[in-house]
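# Close look at the chain arrangement
Each chain, written out:
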Amino acid sequence: MAGRIPQTFIDDLVGRADIVEIIGARVPLKKSGREYRACCPFHDEKTPSFWVSPAKQFYHCFGCSAHGTVVSFLMNFDRLSFVEAIEDLAARMGVEVPRDQSAVGAPAPVSDDLYSLMSKVATFYGEQLAANERARSYAAKRGLDHNTLTQFAVGYAPDSWNEVLKRFGASDASRAKLMETGLIIEREKGQGDNHGHYDRFRDRLMFPIRDARGRVIGFGGRVLDQGEPKYLNSPETPLFHKGRELYGLFEVRQQRAPLTRLIVVEGYMDVVRLHQSGIHYAVATLGTATTPEHLKRAFRVVSEIIFCFDGDRAGRAAAWRALQNALPEATAGRELKFLFLPDKEDPDSLVGKEGRAAFEARYAAALPLSEYLVSHLLEDIDISHADGKARFVAEARPLLERVPPGPYRELLLDRLAQVIGVSAERFLAIVGPMNTAARAAAKAATDRPQTTQFEQGRTARSAGRGGMVRQAVHTLLMFPASALRLAPADRAALDAVDEPGVDILRELLDSLQAHPATSTAQLLERWRDHPAGDRLARLAASESILPDEQAAGDELLMAVQKLAQAPAGAELDALLAKEQQTGLGGPERERLLQLLREARPGTR
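Nothing here was measured: the structure is a model prediction, and the numbers come from that model. (Residues numbered from 1 in each chain as written. Predicted model: local features only at pLDDT ≥ 70, side-chain atom pairs only at ≥ 80, totals over all residues. Heavy atoms only, no water.)

## Quick look at the state of the cysteines
Test applied: Pairs of cysteine sulfur atoms within 2.5 Å are identified as disulfides in what follows. Whether a residue is buried, partly exposed or exposed follows from its accessible area with a 1.4 Å probe, protein chains only, as a fraction of its type maximum: under 20%, in between, or over 50%, in that order.
Per the counting criterion, the structure on display carries 0 disulfides. In this structure C40 is a free cysteine whose sulfur lies 3.6 Å from that of C61, the closest cysteine sulfur available. When its relative accessible area of 6% is taken as the criterion, C40 is described as buried. Owing to a relative accessible area of 0%, C61 belongs among the buried residues under this scheme.

This is the structure in structure tokens:
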């Protein structure tokens, strides 16, 4: 992956972080023995069930089962992606996030000077709004109050060809930065002087676009009077990629109320008016159709997305493009809905007329993705005859193929089959093989065994050996340095063991012996993207009765030795049972005596 953050840096960052300090800045913690407790920030409760362990650098709620490291907390509480959480943690410690630039196509690092410049220009636009009566009157006419203007840092770009250029582009180097951030445009020959450039934004209400850390990365400008384009956005720059960013997502993340859904609208003004009306979960795409990357970012925050479009032809065209891009993200546990507003209304105007409660009541009429897909196909297809049904299947096939294999796709297939009056099996036979889905299904099948085996290792009770695997894994989670206590011969002996979950134990041991970890949190971050990562995190939430690292090393060694002896122990048990039931032959009796001589007390 281009630009990957080195694992060694993440290890160091997590090792230096103080989870109590970071959580305590957001949640009132009270010391309780060696740990800290509080009412859980992730669900409503009156009795504290949320615990933070300084030793593990780990948190766990016994009420809702929320758990994780300092990185997980930032992701869940501040609603950040993994990379954003790492960047936030690094910024707190005053260090730069390095990137592995050896990969082909790795992006060049972005200079902090560009972020600083964008911040200064946003401040300038804000000052201009305060000083310009016409701009303030326009904002008031559009229904924006002072608090909303402040919350979204709305400003005004003066009616001048070179105001930003004069203030921030005095040198060649500074003009180069203005060009790089899209704030000025190079003049064509014969258009005058002013260093050959002019301001991109002029006489517009300005909406700063902010990233997850609140840094200004671009602008959207709305013309005050008549003029084209009505909305003008920053171009693609090293800071700003419109196919990834959602306007308003930073402001959404500042809300501490439980967040269950996002409503995706089309314009800046729609977002700010919805937030002002109390709908604090509104975001907008930035002058482009909703992309898969937009949806990935949104689904990191919530499990339900409502697309809200104008009811005119343009709005319905945009909705269909959004559906097509949404199909690869349609999986079980996610909800995608489509809400169409009355003709000649948009979210800005409608919420201003009817208020929050009436606007939110419209959600009941939103179409789930499956129903919108069906209704759109039926608009131009008559399925009362075989030709129409064949066309319906032909147009549905490429859409169905884009949905990932799983329960949602199966249910969608059932719905499509129902429309033309055939069984799901018959519909699938008509559709024919779907290569993309088949490849994805094969990948899912190859990913499945490791997690399943670990789960079996947690619950198996065959002679207590499944529990022994769990015991060893838990010891490593609590005391990662205990892995260094095992001699090579002890580790090698596990290669012959065939117990559920032992593959995870072997992988843990090999990883920790090659790259020691100092805390539970460090270890879990290394396994974040592993199929067994979540299982390990859940296991880490359970307490250990071991007092220290010395005891943990002894416990781990004992568990590994017992597991190594498990095959011989099982053979011994089988021979003893057979001797009692039917008797043993000569070779079997010799083997039994050998096993009894080799057996040590306490190994069975």
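Still to come is the rest of the account.
## What about the pattern of salt bridges?
Inclusion rule: By definition here, a salt bridge exists when the distance from a side-chain nitrogen of Lys or Arg to a carboxyl oxygen of Asp or Glu is within 4 Å. Every helix listed is a DSSP run of H or I at least four residues long, and every strand listed is a run of E at least two residues long, numbered separately from the N terminus.
Evaluated as defined, the whole model comprises 33 salt bridges. D348 is the partner of R142 in a salt bridge, and the nearest nitrogen-oxygen pair spans 2.5 Å. Of this pair, R142 sits in the loop between α6 (133-141) and α7 (146-151) while D348 sits in helix α14 (residues 347-361); the two residues are 206 residues apart in sequence, bridging distant segments of the chain. On the accessibility criterion, R142 (19% relative accessible area) is buried. The salt bridge partner of E345 is K353, with a shortest N-O separation of 2.6 Å. By relative accessible area, E345 is classed as buried at 14%. Look at the salt bridges and you will find they share partners, linking E84, E245, R253 and R297 into a network.

## Quick word on the sheet that holds strand β5 (residues 67-68)
Heads up, the rule is: For two strands to be treated as a pair, DSSP must find no fewer than two bridges joining them. Residue contacts follow a heavy-atom distance rule, with two residues in contact if any of their heavy atoms lie within 4.5 Å. Structural elements are reduced to axes, namely lines fitted to C-alpha atoms, with helices fitted over the stretch in contact, and the angle between N-to-C directions of any two is expressed from 0 to 180 degrees.
The sheet built from 5 strands is open, its strands ordered β1-β2-β3-β4-β5 with antiparallel pairing. Only two strands of the sheet have a single neighbouring strand rather than two, namely β1 (30-32) and β5. Judged from the 4 bridges that link them, strand β3 (residues 50-53) and strand β4 (residues 58-61) form a sheet pairing that is antiparallel. Note that in β4 the partner of F50 across the bridge is C61. Contacting β3, β4 and β5, helix α3 (residues 70-77) runs over the sheet at an angle of about 50° to β4.

## Considerations on the pairing of strand β2 (residues 35-38)
For β1 and β2, the ladder comprises 3 bridges, and the chain directions are antiparallel. In the strand pairing of β2, S32 is matched with E35. Connecting β1 to the antiparallel partner β2 that follows it, the hairpin turn spans 2 residues, and G33 within it adopts a positive phi of roughly 70°. With 3 bridges connecting them, β2 and β3 associate as antiparallel partners. Of the residues in β3, the one forming a bridge with R37 is W51.

## Describing the nonpolar core
Let me state the cut-off plainly: Nonpolar core, defined: a set of buried Ala, Val, Leu, Ile, Met, Phe, Trp, Tyr and Cys residues in which side-chain atoms within 4.5 Å join the residues together.
By size, the foremost hydrophobic cluster in this structure holds 106 residues, and its most contacted members are Y125, F219, Y247, I263, F338, F359 and F427. Formed by 36 residues, the second largest nonpolar core is a distinct cluster that contains A472, L477, A532 and A551.

Read these as layout, nothing more, since geometry by itself doesn't imply function.
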